[in-house]
Amino acid sequence: MHDITFANQVLRALAAKASTLKKGEKISGVNVALSPISHVKPGTLTETYKQLAGQTEFGSVALNIRTLKIVVACTSCGVSFPIDGPVFSCIKCGGTSLDIKENNEFLVESVEIERLGDA
Ligand SMILES: [Zn+2]
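Domain boundaries in the protein define domain 1 (1-68 + 104-119) and domain 2 (70-102). The straight-line distance from the C-alpha centre of domain 1 to that of domain 2 is 31 Å. Across the boundary between the two partners, domain 1 contributes six residues, which contact six residues of domain 2. The residue inventory of the side of domain 1 that touches domain 2, partitioned by class, reads three nonpolar, three polar and no charged.

Below, the discussion takes up the pairing of strand β4 (residues 80-83). Pairing of strand β3 (residues 70-74) with β4, which is carried by four bridges, proceeds in the antiparallel orientation. Bridge pairing in β4 links A73 to S80. Where β3 folds back onto β4 in an antiparallel hairpin, the turn is made up of five residues, including G78, whose phi is positive at roughly 85°.

What follows deals with the nonpolar core. Among the nonpolar cores identified, the biggest contains 20 residues, and V10, L14, L34 and L45 are the most heavily contacted of them. Of all elements in the fold, only α1 (2-18), β1 (25-34), α2 (42-53) and β6 (106-115) reach the threshold of two or more residues within this core. No other element matches α1, which puts five residues into this core. Among residues more than four places away in sequence, those in contact with L34 are V40, P42, L45, I65, T67, L68 and F106.

Each value, and the rule that gives it
Residues numbered from 1 in each chain as written. Predicted model: local features only at pLDDT ≥ 70, side-chain atom pairs only at ≥ 80, totals over all residues. Domains from an automatic or database assignment. Contact = placed C-beta atoms within 7 Å. Nonpolar A, V, L, I, M, F, W, Y, C, P; charged D, E, K, R; others polar. Pairing = 2+ DSSP bridges. Helix = DSSP H or I, 4+ residues; strand = E, 2+ residues; numbered from the N terminus. Core = buried A, V, L, I, M, F, W, Y, C linked by C-beta atoms within 7 Å. Buried ≥ 20, exposed ≤ 12 C-beta atoms within 10 Å, placed from the backbone.

Printed below as a string of structure tokens:
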């Protein structure tokens, strides 16, 4: 279900941006970041986004997904390290008590604008 929430978040960001566009400008793409430990997979999000965006004026706006960098800290030995997928134990001491430092699951980072005309 989160994929729908995220896709709607993208569409809201696009709608907000669209209302600020100047004449001759068009939204060409949107950049988002997805946590590597999110339950939502990039492929799922892309499919859901395409479905929902297809029903709006943003059907042709490309969704670019990058993986969020996540840093966890071990509460036993204090070491911090970046992860790019589910990790359940400390790389240094093997402890299993890890704190996630960056806890964003999904972010709309930026909307790309294309200038049309005056060529
Ligand atoms: Zn540790």
